[in-house]
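Residue-level structural notes
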Amino acid sequence: MVETNILNIPAEHLTPGMKQYREAKQAHPDCLIMLRMGDFYEMFYQDAITASRELEITLTSRGKEEKKAPLAGIPYHALENYLGRLIKKGYKVAIIEQLEDPKKAKGLVKRGLVRIVTPGTIIESALLNEKENNYIMSLTAHEDQYAAAFCDLSTGEFFTLQVHSLSHLLSLIVRFNPSEGLIPESLSVNTELVEKIKSSGCFLNYVDDHFFKPEKARETVCRHFNAASLHQFGLEEEKQLVSVSGALLRYLHDTQKNSLSHLKHISIRSNDTVMLLDSSTIRNLELLKNIRDGSGRGTLLSVLDKTVTASGARLLKRWIKEPLLVKDAIHQRLDAVEALHKNIIAREEIISLLQETYDLERLISRVN
């Protein structure tokens, strides 16, 4: 019987290429490893068996006798499609690329990790809903206080906030609908919290508590934003907010392997200016989905959404989930609506111009 766990196989039974695969698997045991070999991304051993089952691709083998290994591969040009299917099924995928031209390589081609793809770090337009943000969240708790940081890597939005009860936290998760979450390993013992986060459809990661230590997190935030202090962000005295922000930034740097230079600012969100709507309210008022079949037909969003840009659609959905509480802000928004309602020519010109724009928020992220 062929061993399916590459970590259990003696090094002398592995080819040089398989040793590269094993090194990647040792470093990232929670990931499916995709190793670029020529025109294909190859997966071996248990990863190959998993990919064959989930992607419905052929499972073959490579080598003979002791060196025989289960193998499944996908063409490099089809990566985005297959990657999306794996991520939607809740897998993390590590991409190991060729770091030199195989034709010029002397001996074994150099390969290295270029990116770890997870539900909250997708930036490929084809894998995202253009009308929805794709947030990744980091979270920590201290008694009844919860601090969270959110980032949409595809647009560069980054913010942090604090709530004072579990019910408010759950409303927050409904409001931003993160596709992925990070919590310190010590918080995993809070089974109620873990189950409620998972039930929202959020892919949950447990990371070392060291990521969340305020001193380390502060250093990470300052280094990323090239700042001597956190006064400019209003975070200097906010240890819990710094903790979750630094942990999230560290995770993003570790998985994306680039400078993330499009993340240029971090803001503190206040819950004093918007209404916190829980999941029951959002569902019963049919704000985004109807109760009958869960589609968007007949909802408040479907009635109001006349947007012609992806970023506008995302903003409108956010406004519906975050009704304003401050009178001046409400009047300011109503005045803007009235001005465009009365000035038909200006409104039509603006619509015409907006129709010609692309999703600049996400394009900048892709360029980075």
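Whatever comes next refers back to the structure up there.
Residues numbered from 1 in each chain as written. Predicted model: local features only at pLDDT ≥ 70, side-chain atom pairs only at ≥ 80, totals over all residues. Heavy atoms only, no water.

**Some points on the pattern of salt bridges**
Rule in force here: By salt bridge we mean one thing: a side-chain nitrogen of Lys or Arg within 4 Å of a carboxyl oxygen of Asp or Glu. In this text, helices come from DSSP runs of H or I with a minimum length of four residues, and strands from runs of E with a minimum of two, each type numbered from the N-terminal end.
Tallying each qualifying case throughout the model produces 19 salt bridges. A salt bridge links R36 to E97; the shortest N-O distance between them is 3.6 Å. Residue R36 is located in strand 1 (residues 31-37), and its partner E97 is located in strand 5 (residues 92-98); the two are separated by 61 residues in the primary sequence. What you see here is one network of salt bridges that share partners, running through E157, R175, R269, R318 and E322.

**So, unusual backbone geometry**
Applicable threshold: Burial classification: accessible surface area is computed with a 1.4 Å probe over protein chains only, and a residue below 20% of its type maximum counts as buried, one above 50% as exposed, and the rest as partly exposed.
Unlike most non-glycine residues, E56 shows phi in positive territory, near 55°. By the element assignment, E56 lies in the loop between helix 2 (45-55) and strand 3 (60-62). Since its relative accessible area comes to 69%, E56 is described here as exposed. If you check the backbone angles, E286 has positive phi at about 50° while not being a glycine. Tracing the backbone shows E286 in the loop between helix 8 (279-284) and helix 9 (300-304). Note on E286: relative accessible area 25%, which makes it partly exposed.

**Things to note about the sheet that holds strand 6 (residues 111-117)**
Cut-off, in case you're wondering: Any two strands are treated as partners once DSSP identifies two or more bridges connecting them. Angles shown run from 0 to 180 degrees and are taken between the N-to-C directions of axes, each axis being a line fitted to C-alpha atoms and, for helices, limited to the stretch in contact. Throughout, a contact is declared for two residues whenever any of their heavy atoms are within 4.5 Å.
The mixed open sheet is built from six strands, whose spatial order is 3-4-2-1-5-6. Looking along the sheet, the strands with just one partner apiece sit at the ends: strand 3 and strand 6. Each strand axis lies, on average, 40° off the axis of its neighbour in the sheet, ignoring direction. Pairing between strand 1 and strand 5: five bridges, direction parallel. Across the sheet, residue C31 finds its bridge partner in strand 5, namely K92. Lying over the sheet, helix 3 (residues 79-88) contacts strand 1, strand 2 (40-44), strand 4 (69-75), strand 5 and strand 6, oriented at roughly 155° with respect to strand 5.

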